[in-house]
Amino acid sequence: MLLENKIAVVYGAGGSIGGAAARAFAREGARVFLAGRTPDTLDKVATDIRSAGGTAETTQVDALDEDAVNAFADSVAERTGGIDVSFNAIDIQDVQRPLMEITAEDFAQPIATATRTQFLTTRAAVKHMIPRRSGAILMFGGSGPQTVPGLGGFKVALDAMEGIRRQWACEAGPYGIRVVTMVTGGVPESLPEGFAAKDELTASLRESTLLQRTATLADVGNVAAFVASDRARTMTSATVNISCGAIVDY
């Protein structure tokens, strides 16, 4: 098992991406602590994990609240002895419109959300990883060089996350802590039920790939578990690209 006896915290664990990672971490042996704002969705993921024989606990946490994030991480570390893996997959509240049509507030919102939450949750985990001189930080939403019109501040927020990844990797690396972003190019399974243009968007995402298929939630979980494990011990300050070729690296 890739993560046997590891302690993993997942923010946004009630969502499709966070839930996929949490289930995979638990399947690979981690004790998983699920954080999010909606107890019902967290409980569903926790139930799935327990039904499969894993270990999961839930806590209602606003990942933009500095005190709440610090208290959550401190509580997990106090109870378990530390934190081995931290994965943040919260919704960054983006509004996607052409730049000439979007308000300044809507443009800035995903940038502020992404940078604040990734900074807070990473710092809270690194605090407890430093004494152990090991740990893995995963950020969901890395970016590539391409973009398309009409994204508002969304792509800018993803680019900012890559900058945060590089800075944390630089400063936490001497303590054996790895920092990695994951980029998918879009996961159709993560689209909410009833999404009006789901079929059209799914087809568009598939057509933009080189493999003529898109990443699945299972792919997200499997890769996240590998990257969080010691088998990826040489990987840091990097973007893991599972976009099926939709996003071509520099």
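Trainee: What am I meant to see in the packing of helix α1 (residues 16-27) against helix α7 (residues 217-228) here?
Mentor: If you want to describe how two helices pack, look at the angle between their axes and the distance between the axes. Between α1 and α7, the least distance of the axes is 8 Å, while the angle of their chain directions is 55°. With respect to α7, the element α1 is oriented oblique. Judged by the twist between their axes, the crossing of α1 over α7 is right-handed. Only Leu-217, Val-220, Gly-221, Asn-222, Ala-224, Ala-225 and Ala-228 of α7 make contact with α1, whose side of the interface consists of Ser-16, Ile-17, Ala-20, Ala-21, Ala-24, Phe-25 and Arg-27. Along the lines of polarity and charge, the residues of the contact of α1 with α7 split into 10 nonpolar, 3 polar and 1 charged.

Trainee: I would appreciate a short explanation of the sheet that holds strand β7 (residues 238-241) in the present structure.
Mentor: The strands making up a sheet associate through backbone hydrogen bonding, with each pair oriented either parallel or antiparallel. If you walk across this open sheet you meet the 7 strands as β3-β2-β1-β4-β5-β6-β7, and the pairing is parallel. Whereas interior strands pair on both sides, the edge strands pair on one side only; in this sheet they are β3 (55-60) and β7. Each neighbouring strand pair of the sheet contributes to a mean axis angle of 20°, computed without reference to strand direction. For strand β1 (residues 7-11) and strand β2 (residues 31-36), the ladder comprises 5 bridges, and the chain directions are parallel. Residue Tyr-11 lies in a different strand from β2, and its bridge partner there is Ala-35. The sheet strands contacting α1 are β1, β2, β4 (85-88) and β5 (135-140), and the helix crosses β4 at an angle near 160°. Helix-sheet contacts for α7 involve β4, β5, β6 (177-183) and β7, and the interaxial angle to β6 is about 160°.

Calculation notes
Residues take numbers from 1 onward in each chain, read along the sequence in its written order. Local features are withheld for residues below a pLDDT of 70 in this predicted model, meaning they are given only at 70 or higher, and side-chain atom pairs are given and counted only at 80 or more; totals for whole chains, interfaces and linings count all residues. Heavy atoms throughout the structure, all of them, feed into the side-chain values; hydrogens and water do not. Here the axes come from fitting lines to C-alpha atoms, over the contacting stretch only for helices, and the angles between their N-to-C directions go from 0 to 180 degrees. Counting from the N terminus, the helices are the DSSP runs of H or I reaching at least four residues and the strands are the DSSP runs of E reaching at least two. Just so you know how the angles are binned, under 35 degrees is roughly parallel, over 145 roughly antiparallel, 65 to 115 roughly perpendicular, and the rest oblique. Each crossing is labelled by how the near helix is turned from the far one, with a counterclockwise turn of less than a right angle marking it left-handed and a clockwise turn marking it right-handed. Only heavy atoms enter the contact rule, under which two residues are in contact if any of them lie within 4.5 Å. Throughout, the ten residues Ala, Val, Leu, Ile, Met, Phe, Trp, Tyr, Cys and Pro are labelled nonpolar, Asp, Glu, Lys and Arg are labelled charged, and all others, Gly among them, are labelled polar. Here, a strand pair is defined by DSSP locating no fewer than two bridges between the strands.

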